[in-house]
Each structure stands twice: as structure tokens, then as C-alpha cells.
Amino acid sequence: MSTPKQIYKILAIILFIVLLIGSALLSHEGVFHLNGDTGGTNEQAALSKYGFYLEPVDIKAAGIDFRHLCPVVDSKLNNIALQIASMGASVAIVDFDNDGWNDIYFTNSRTGSLNALYRNLHNGKFENVGAQVGLADVNKKGTGVSMGTVWGDYDNDGFTDVFLYKWGKPELFHNIGGKKFVNATEGSGLPNWVNANCAIWLDFDNDGKLDLFLGGYYNEAFDLSNLNTTKIMPESFRYANNGGKNYLFKNLGNGKFKDVAAEYGLISTKWKLAAGAADFNGDGYPELYVANDYNVDEFYINEKGKGFVERGKLVGIGNIPKSGMSVSFGDINNSGMLGIYTTNITEPGILIQGNNYWQPKSSAAGDPSFVNLAQLSGIENAGWSYGAQFGDLNNDGFIDLYAANGFISGKKNTSYWYDYSKVTGGNSKIIGDAANWPDMQGKSQSGYQQNKIWLNNSNGLFEDVSNQVCPYITFDSRSVAMVDLWNRGVLDVVVANQNNIPLIYKNNSKNNNHWIDFDLHGTLSNASAICAKVQLEWNGKKQMQIVSGGSGFSAQNQHRIHFGIGKSTTADRVTIYWPSGKIEKLEKPQIDQLHVITENKTNN
């Protein structure tokens, strides 16, 4: 006899399938489409109403000739190759040569394809120096293909190094004086193969050396280009635990790392797509947030560098399984507390998971507790969302939000959602075998979606201005980064698109708002100052930001911290919470300029 729980589960599956069938049939009639202008955005109207406009840069004229190529997977997966090969486009911002100008690194994801490092030439032009410095030909046969990079100075020599994660062999490159990169993987302690889609730098024990978290997606036993089985898929759409391993590489110095994930409590084998690290309980040690596909997200409390304990349910974020794809930190209501934004899937009429913004309930010491403010703030439903980043796009003193959307843009007026429903109702043996998944036949699934731009109208309430401050474009976007490419004191936006060209938006700002930037360098702390928190106070307001070792989805923003302060003509003070435990305050810092700050070794 069936138990009440079994009956409930069966009814829930039936209801979900009915919704999928009905919605998929309606979608053929064009019911589900994005509202708004489909072209001809009026720049002057945007400047008049919002004070800024994101102008697409002619990338060819700027010297950028990059186009992402998706992975080629084993022919056994041809029926759903579009799904399997739907990731790999990533972007990271770095000043690799320390000339004070931000450069751009894009990954490619096909065997034999070239990654690209675009050096900023200071005049709106860029030069691809990837091959010249040794960071282009990294997708060689037998080594896997690139999924993303994170940049950090792991040996504290003053030049930013890079960790490349792949569906394949992860690789570490040492920056030699900003002139070239030497492959330092051999003997470093990195594993031979990981199907990874996320990595971040952090100093989890605050010893002044950068450590590395690496999250597996597909199980590391598989080479997706050369399989002997099709049983590689998640065992469940809600509670899958057959993904890749976690890795926590403790920096031993001298270019050596040791994986301490198991002994430090990071034993989960969920399907990781993003991670972020920040101190949330006030003890100075960074907690770890992991966004998981096909499961609940995880929140690990850092036990003062001695280990991690998963507390997701207890702190309020690990109760509802979704499709976590991005992690970014932001203080949306100027409370002086960082919140956590994670992306998921929204397909009207079919699947409304909604994105999350986890706001701490208190800044008091001890284990944090979070409440989800995404719906209240107006940033819950974006689409099939991948990367998302916060940044004050109009310099009004409130951080805004850019979310990258779109899964698979296949044949127009087609939908794979109905076919997808045939799998969702299956048991683990059915779901877990790619051979059981219906042939996509080139169909779309949450494709042709516009990216979202939400403007913070103060106090954490957002307005969707996507169609008004930027032309209507529908690529399958993955990774997004905020960066000041022209050193003008405004944030520009770079977007990496799957199987397509990237987008670079130059922020044309005409509102005369003021700003202030900080570029931090550690001495007692790690040289990159990763996980340092910076609080700015001005005109009765305050805002907290963090130096990140990777954020969003397969992305990394510029290293410098950018604050808009609106019409205020002075800033009161900046407080820097260094990873070493040092706290420094700077009174009345000059506005409208970049402050380069080196950690004081003596004064607290």
C-alpha cells in the first residue's frame, strides 16, 4: 500500500508533467516571449531618464576578434549534445602587467581552440597577447577544454597568476613580471582530471597565502569527449548527489598545494556551478557558499581555518532545491552587510524557481541567519539565468544588477520543454542515463532571452530597465564581469556568450555623479587582498563591498573596488577589514579618484 508521502510525490510529478505539456504546446503559438522593445533603444531618452546608457562596443574595431566555440562531446551524447555542451564561455578581468589598466581574458571550449588575453592599450583598443604570453593554446587534445579562470597572486610576488579550470586537466600559470606566464601545474599537487565549472581563490586559514576551492560538475571519472557509458547524468532533478568532487587546495608555499577537502569537511558530490567566499559571522575567516544544480545550495561555516561545517538549512538557504548557477555578493540596501545573490531558472508557465537574494538578518557575531528578499526587491525572475554581478552603473550610491540569460537558442518557434518533461518524471535510472533523454533535434529551450539590467532605486528596490538603457540583444549569455575599461570612474560591462562573440558595453554616463575607487594590496594578508571587506561611509550612508577571488558564473570582476556616491562631494571615511585581522580607517578620502592602498604592517 502506498504511503501518503508516496501518493504526494506521484501527484506532484503528474501535476508537473501536465504543466509542462500545456505550456510547451502554448509556446508553439508564441505565447511566451519577452515583452518590450525589440530594437531602436533611444540613447538620449535613457540618458535623460536614468543618466547612463550601455553602448555596445564595435569589438572588431576595438581589436577583439574572439568567438567562443562550444565543446564537442562524445557521439553517444548526440541526442542531447546541445545541453551537454552548453557551458564554457567565460570572462575574467585582470591587470596582468600592472600598468593600471584592466585587461580581459576569454576562454574557449573546443579542442584545439585558443583562449584570448586582450591587453588594454589605453585608448579603447585591445591587443590579443594570449599566444605571446603563453595563455592561448591551452585546449590541446587529451587535456580537456576550458571552462573558466580565476586570477590571484598565489606566491605574493606582486603579479597576478591564473588558475585555469576545465572539463579536463586543471592548470596553474605563474605570472613572470607581467611579461609571460609559465605553466606551473607539474608538481603543484593539482589533480589529473576534473569536470569543473567553478573555482575561487580564498585564504581560508588567513595565513597570508591564497588557497583554492575547485568544484566538480560531472563526475571526474568521465571524459565527456570519450565515453564508454551514457550513465553520466544527475540521478535526480531535486536531490542529485552523483556529481563531481569538491577540492580545497591549501597553499603550502613554493607553488605547492595540498587537497584538504575531505579532512576539512567538504565531502559533498553535488553538481557545483558556482561558489563564493566571504566572512558572514564576524570572526574574520571566510565562509563558503556553493551553488548547486539539481539540489539545494550549501553554506559552509569556516571554523577559524580548521575546517568547514555545512549549515545551509540552519541559516535558511538550504531548504528548497533549485538550479543554482551563480554566486555574487552585494549590499543592496546600504546596510553595511553583504547579501548573497544566486541565479536559477524561470520559464513562465513552466518552471518558476526564481533567483535568490539572501539578506543577513543581523550583523551580530555568530552563525548568520538569512531571509530571501529577491521577490520583494524585484530581482527574482530573470529567465534561465547564469552569471550575475552587482555594480553601481549610474554612480548614485546604490548597487545595480546585471543578469545573463538564455539556455539554448535553437530552431525558432520550437520548445524542448515538453520532451524534457518525459525525463523529469522518471526514476534515477531513467534520469541518470543520457540515452533515455529525448533527442533535442535542434529545438530551443529557454532560448532567445534578453539579459536583465535592474536599477536599484534606493533601499534595495529595483526597476527593470533592460530595454531602456541597452539595445535588445538575445544571445545565450553565460558569464558577466563589471569593469572600468577606460579608467573614467564608471563601470562598463563585459559578457561572454556561449558559441558566439562576446559583448562589451561602454557605460556612457552623463549624470555627473561622483565616485571613489580602492585598489588593495596585502602585506600580512595575501597580496591580492582577496576576501578583504571595504566599507565606505558618506553623507549618512554606508555600503560594504568585498575583494573577490571569483564571482558570478565562471567570472571575475575587476580587482579594484568601485563606489558611486551620487551628488555627494565628500566621503567621510573608508574602513578596510583585511584578511589578516587588521582594520584600517582612512578619513576624508578624496573622491573621483582611485586610491591604491597597501596594508599597514604595524598599525591596527
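Reference entry: report on the structure contained in this document. (Residues numbered from 1 in each chain as written. Predicted model: local features only at pLDDT ≥ 70, side-chain atom pairs only at ≥ 80, totals over all residues. Heavy atoms only, no water.)

## Some words on the packing of aromatic side chains
The condition that has to hold: Centre distance within 6.5 Å is the pairing criterion for rings of Phe, Tyr and Trp, where only the six-membered ring of Trp is used; planes under 30 degrees apart are then read as stacked, over 60 as edge-to-face, and the remainder as tilted. Comment: elements are numbered from the N terminus, with helices defined as DSSP H or I runs of at least four residues and strands as E runs of at least two. Relative accessible area decides the class of each residue, using a 1.4 Å probe on protein chains only: under 20% of the type maximum gives buried, over 50% gives exposed, and in between gives partly exposed. Our definition puts a charge over a ring when NZ of Lys or CZ of Arg is within 6 Å of the ring centre and also within 35 degrees of the ring normal.
The final tally for this structure, using the stated rule, is 35 aromatic pairs. Between Y154 and W201, the aromatic rings sit 6.4 Å apart at their centres with planes inclined by 15 degrees, giving stacked as the arrangement. Placement of Y154 in the loop between β6 (144-152) and β7 (161-168) and of W201 in strand β10 (residues 194-202) is noted, with a sequence separation of 47 residues between them. Between the aromatic rings of F518 and F563, the centroid separation amounts to 6.1 Å while the plane-to-plane angle is 75 degrees, which identifies the pairing as edge-to-face. Of this pair, F518 sits in strand β31 (residues 514-521) while F563 sits in strand β35 (residues 561-566); the two residues are 45 residues apart in sequence, bridging distant segments of the chain. Grouping residues by exposure puts F518 and F563 together as buried. Through a chain of ring-to-ring contacts, three or more aromatic side chains come together here, namely W167, Y217, Y218, F237, W271, Y294, W384, F407, Y416, W417, Y420 and W437. Taking NZ or CZ as reference, R478 lies 4.1 Å from the ring centre of Y386, over its face. The positively charged end of K506 is found above the aromatic ring belonging to W486, 4.7 Å away from the centroid.

## A few points about the sheet that holds β35
Quick note on the threshold: Paired strands, as defined in this entry, are two strands with at least two bridges between them according to DSSP. Axes here mean lines fitted to C-alpha atoms, for a helix over just the part in contact, with angles spanning 0 to 180 degrees between N-to-C directions.
Spatial ordering of the open sheet is given by β35-β31-β38, a layout of 3 strands whose pairing is mixed. Two strands bound the open sheet, and with one partner strand each, they are β35 and β38 (594-598). Here the average twist between neighbouring strands, direction ignored, is 20 degrees.

## Observations regarding the pairing of β10
In terms of burial, β10 is largely enclosed, as 9 of its 9 residues are buried. Bridge count between β7 and β10: 2 bridges; the pairing is antiparallel. Along β10, the bridge assignment pairs G168 with V194. Note: β10 against strand β11 (residues 211-218), 7 bridges, orientation antiparallel. Bridge pairing in β11 places L202 opposite D211.

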